[in-house]
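# Structural description and commentary
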Amino acid sequence: MMPDRSAPVSGAPTPPGDISDLSARIRATRAEVARLHGDLVRYGLVVWTAGNISGRVPGADLFVIKPSGVGYDELAPENMVLCDLDGNVVGGSEGSEYSPSSDTAAHAYVYRNMPGVGGVVHTHSTYATAWAARGEPVPCVITGMADEFGGEIPVGPFAVIGDDTIGRGVVATLSGHRSRAVLMKNHGVFTIGTDARDAVKAAVMCEDAARTVHIARQGGEVAPIAPDVVSQLHDRYQNVYGQRNSGDSEGAAS
Ligand SMILES: [Zn+2]
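Summarised in this report is the structure supplied together with it. What you are looking at is a predicted structure, and each value in this text was computed from that prediction instead of being measured.

As a further point, take the overall build of the protein. For the protein, the helix and strand inventory stands at 7 helices and 7 strands. A total of 254 residues make up the protein; the buried ones form 40% of that total.

For the pair helix α2 (residues 104-113) and helix α5 (residues 165-174), interaxial distance at closest approach is 7 Å and the crossing angle is 40°. By the angle between their directions, the pair α2 and α5 is classed as oblique. Crossing geometry of α2 relative to α5 is assigned as right-handed. For the pair α2 and α5, the contacting residues are Ala-105, Ala-106, Ala-108, Tyr-109, Val-110 and Asn-113 in the first and Ile-166, Gly-167, Arg-168, Val-170 and Val-171 in the second.

What follows covers the packing of helix α3 (residues 126-134) against helix α6 (residues 196-218). The geometry of α3 relative to α6 is characterised by a closest axis approach of 7 Å and an angle of 70° between their N-to-C directions. Taken together, the axis directions place α3 and α6 in an arrangement best described as roughly perpendicular. The element α3 and its partner α6 pack so that their crossing is left-handed. Of the residues in α6, those touching α3 at Tyr-127, Ala-128, Ala-130 and Trp-131 are Cys-206, Glu-207, Ala-210, Arg-211 and His-214. Its residues placed into classes, the contact of α3 with α6 shows 6 nonpolar, 1 polar and 2 charged.

How each quantity is defined
- Residues numbered from 1 in each chain as written.
- Predicted model: local features only at pLDDT ≥ 70, side-chain atom pairs only at ≥ 80, totals over all residues.
- Helix = DSSP H or I, 4+ residues; strand = E, 2+ residues; numbered from the N terminus.
- Buried ≥ 20, exposed ≤ 12 C-beta atoms within 10 Å, placed from the backbone.
- Axes fitted to C-alpha atoms, helices over the stretch in contact; angles between N-to-C directions.
- Parallel < 35°, antiparallel > 145°, perpendicular 65-115°, else oblique.
- Left-handed = near helix turned anticlockwise from the far one by under 90°.
- Contact = placed C-beta atoms within 7 Å.
- Nonpolar A, V, L, I, M, F, W, Y, C, P; charged D, E, K, R; others polar.

Written out as structure tokens, the structure is:
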């Protein structure tokens, strides 16, 4: 019996503390992951049912992910799918009648191998995917990229869907890299974050950078930023900029 259920009715015995707490954390993760899918639509990163977000349940070997093939307008906390870190649907849990996203194995691989990651996003956003189609990293030629990604946005290997191959490529490319976004060759974008919202922010910023640098190149050569300046900008943005504890550092660091 999985602990994913609503709070006990009034008068019922109180369940052991950590079970009810886990239920609450699963519910909160379902709500957050369902809500964040609206941002993929709002920022123009997805069409039809492409794209997906997952979020790790804090303190548990579980994550919540979008159901496969369900339209963005239909997504709700109840139809998010709860999975273990092998990508198996938790039987009997709310939403378990749905198949999880076809990218679930990739998300699961990332959670298994990157313990600090709390959220994963995948999109085929247009400009970033155009760079992926060329197999070309987005060069770090604007300060906003230095802030957010600490350098270029790298390209990961070509991989077909269905097993661990995509996840392996994401982990191999982003491990030890400052970028939280990878352009999977001929496919699209995967981003990671401390939580699902942070990964969504990386997906939004990745597309913005890919678009700006693409447009810049139409007018001529782009000018690189010196690596030591990139490092300074990244360090300042990650450690100093923004409201302390707000988890929010929107827009350019200026
Ligand atoms: Zn895809």
